[in-house]
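Spelled out from the first residue to the last, the chains are:
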Amino acid sequence: MSVPETTDAAAAANNNNIEQTKKVELDLPRSAADGLIQKPFPAPLETAKPQPPAKLTADQQEKYNSVFKTVSVWETVPTTSAKNAPTAPITDDERMFMTRECLLRYLRATKWNVSEAVARLQRTLTWRREYGLERLTSDYISIENETGKQVILGYDIHARPCLYLLPSNQNTEKSDRQVEHLVYMLERVIDIMGPDQETLALIVDYNESKSGQNATLGQAKQTLNILQNHYPERLGRALVINVPFMIWGFFKLVTPLIDPLTREKMKFNEDLCQHVPSSHLMKAMGGDVEFRYEHSIYWPAINALADQRKSEYRERWVQGGKLIGEHENYLKTGTSPSLSQSQGSDGAAKAA
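Scoring rules and cut-offs
- Residues numbered from 1 in each chain as written.
- Predicted model: local features only at pLDDT ≥ 70, side-chain atom pairs only at ≥ 80, totals over all residues.
- Heavy atoms only, no water.
- Helix = DSSP H or I, 4+ residues; strand = E, 2+ residues; numbered from the N terminus.
- Buried < 20%, exposed > 50% of the residue type's maximum accessible area, 1.4 Å probe, protein only.
- Contact = heavy atoms within 4.5 Å.
- Areas by Shrake-Rupley, 256 points an atom, 1.4 Å probe, with all protein chains shown as cover.
- Expected span 1.5 Å × (residues − 1).
- Pairing = 2+ DSSP bridges.
- Axes fitted to C-alpha atoms, helices over the stretch in contact; angles between N-to-C directions.
- Phe/Tyr/Trp six-rings, centres within 6.5 Å; stacked < 30°, edge-to-face > 60°.
- Lys, Arg positive; Asp, Glu negative; His and termini not counted.
- Salt bridge = Lys/Arg side-chain N within 4 Å of Asp/Glu carboxyl O.

**Student:** So, the overall build of the chain: which residues are in play, and what are the values?
**Tutor:** Helices and strands together make up the secondary structure of the chain, namely 13 helices and 7 strands. Among the 352 residues that make up the chain, the fraction classed as buried is 48%. Pairs at least 24 residues apart make up 74% of the contacts formed inside the chain by residues separated by at least 6 positions. Working note: accessible area of the chain is about 17000 Å², and carbon and sulfur atoms make up 53% of it.

Okay, structure coming up:
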C-alpha cells in the first residue's frame with residue numbers, strides 16, 4: 001500500500017495541530033521547580049527513560065504475523081458478549097486501536113498463544129462497544145473527580161505516566177460510574193503516553209481513608225476483570241502506600257484473582273522516591289511537588305492535553321493510510337516511519 005500524498009490542506013492542518021499543542025503544553029508545569037502545581041506535567045524528565053522492549057524472536061515474529069494476518073481481514077465485530085450476538089462493521093476507531101504494539105500486548109498476555117490472543121482481542125473490541133466508551137465523556141465523569149480522588153500527574157523513572165488513586169477523597173455513593181471513572185482515566189493516561197512507552201505507574205495512597213470510601217469486593221472484581229482482560233500489559237508498576245489493616249485483609253481476598261505477573265509489579269509501603277523522581281512526585285507522597293487539586297483548573301487541563309494528543313495520533317493514522325498494525329511511535333510523534341513507509345506493501349512480513 002502506497003503512502004497517501006500530503007496535500008497542502010493536510011499539511012496546513014498538521015501545522016495547526018502542532019501550534020495548538022505548543023499552546024496547550026506551554027501552559028503546563030515541567031517539574032516541582034514551577035511552584036504550586038495545579039495542572040498535569042506534559043512530559044517526563046529527560047533523565048527518565050522507557051525500558052526498551054525485548055527484540056522479537058523468529059518464532060514470536062511468526063506468531064505476530066499470524067495474528068496480524070487474521071485481524072487484518074476482519075470486517076465485522078460482535079456488538080455484545082451474548083452468545084450469537086449480532087455483528088456490526090468494524091470502525092476506524094477499532095482499526096486504529098489495533099496497532100502493532102497492541103497485537104503484541106495481547107500475544108504477551110496470552111504467552112504467545114495465537115488463537116487465544118486473537119479471541120481476547122475480539123472480546124476487547126466487543127467489550128469496548130458494549131461498555132460504551134464513547135459515552136464516557138469528560139462532562140459525564142466530571143462529578144466523580146470533583147475532589148481529585150484520581151489524578152494523572154508526573155512520570156516515574158521509566159517515563160511511565162503516574163495515575164494516583166486517593167480513596168480518602170471519595171465523594172460519591174457506590175455506583176457503576178465509579179468504575180467507569182477509572183476506565184476513563186486509564187484512557188486519558190494512554191492518550192498522553194510518550195514514545196517507547198506502553199505502561200503506566202499506578203500509585204494508591206490509603207492515607208486517612210475510611211472503610212466506606214474504599215472499593216467493594218464486587219467493584220474490585222469488576223475492575224480486575226477490565227484491567228486484566230481489556231488493558232493487558234498496561235500496568236508497569238503498582239505502588240501502594242499507607243495500607244491499613246483492613247485493606248491487607250481485602251488484598252488477601254483479591255490476590256488469588258490477580259495474574260501472577262501482575263502481582264510481581266505490585267509494591268507495598270516502599271519509598272516512592274525509589275520509583276518516581278521527587279520533582280514529579282507529590283509532596284504528600286514524599287516528593288517535592290506542591291500539588292493542590294482544584295477541579296476547575298485541573299480537569300480542563302488534563303482533558304485538553306489528552307484530547308490534543310489523541311487528535312494528533314488520529315491525524316497521523318489517517319496520513320499513514322489507516323492501517324491495522326501501525327507503529328505507535330509513528331502515531332505518537334510523527335518522526336519515526338509509519339508502517340507504509342518502513343515496510344512498503346508487504347505489511348507484517350517485516351514488522352519487527
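**Student:** Go over helix 11 (residues 295–319) with me, naming the residues and quoting the values.
**Tutor:** Taking 1.5 Å per residue as the helical rise, helix 11 with its 25 residues ought to reach 36 Å, and the 36 Å between its terminal C-alpha atoms agrees with that figure. After helix 11 finishes, the residue G321 shows a positive phi value of roughly 110°.

**Student:** If you had to explain the sheet that holds strand 5 (residues 200–205) to someone new, which residues and values would you point to?
**Tutor:** One open sheet holds the 5 strands; their spatial order is 3-4-5-6-7, and the pairing between them is mixed. Both outer strands of the open sheet, strand 3 (150–155) and strand 7 (266–268), are each paired with one neighbouring strand and no more. Strand after strand, the sheet turns through a mean of 20° between neighbouring axes, direction not considered. With 6 bridges joining them, strand 5 and strand 6 (residues 235–241) adopt parallel strand pairing. Its bridge partner being in strand 6, D205 is matched across the sheet by I241.

**Student:** So what about the packing of aromatic side chains? Which residues, and what values?
**Tutor:** Applying the stated criterion across every chain, the model contains 7 aromatic pairs. Aromatic pair W127 and Y231: ring centres 6.1 Å apart, planes at 85°, arrangement edge-to-face. In this pair, W127 is assigned in helix 5 (residues 114–131) and Y231 in the loop between helix 8 (217–230) and strand 6, connecting sequence segments 104 residues apart. There is no split in this pair, since W127 and Y231 are both buried. With a centroid separation of 6.2 Å and an interplanar angle of 90°, the aromatic rings of F291 and Y298 are classed as edge-to-face. When sorted by exposure, F291 lands in the same class as Y298, which is buried.

**Student:** Before we move on, could you go through helix 5 and cite the residues and values that matter?
**Tutor:** Between its first and last C-alpha, helix 5 extends 25 Å over 18 residues, near the 26 Å set by a 1.5 Å rise per residue. Those residues of helix 5 that sit buried are A117, V118, R120, L121, T124, L125, T126, W127, R128, R129 and Y131. Trailing helix 5 by a residue or two, G132 shows a phi angle of about 80°, which is positive.

**Student:** Explain the side chain of R120 residue by residue, including any values.
**Tutor:** Looking at where R120 falls in the secondary structure, it is placed in helix 5. Notably, R120 is buried but unbridged: the nearest opposite-charge side chain belongs to E116, and the N-O separation is 4.8 Å. Not counting residues up to four positions away in its chain, the partners in contact with R120 are Y106, A109, T110, Q228, N229 and P232.

That's the geometry; what it means functionally is another story.
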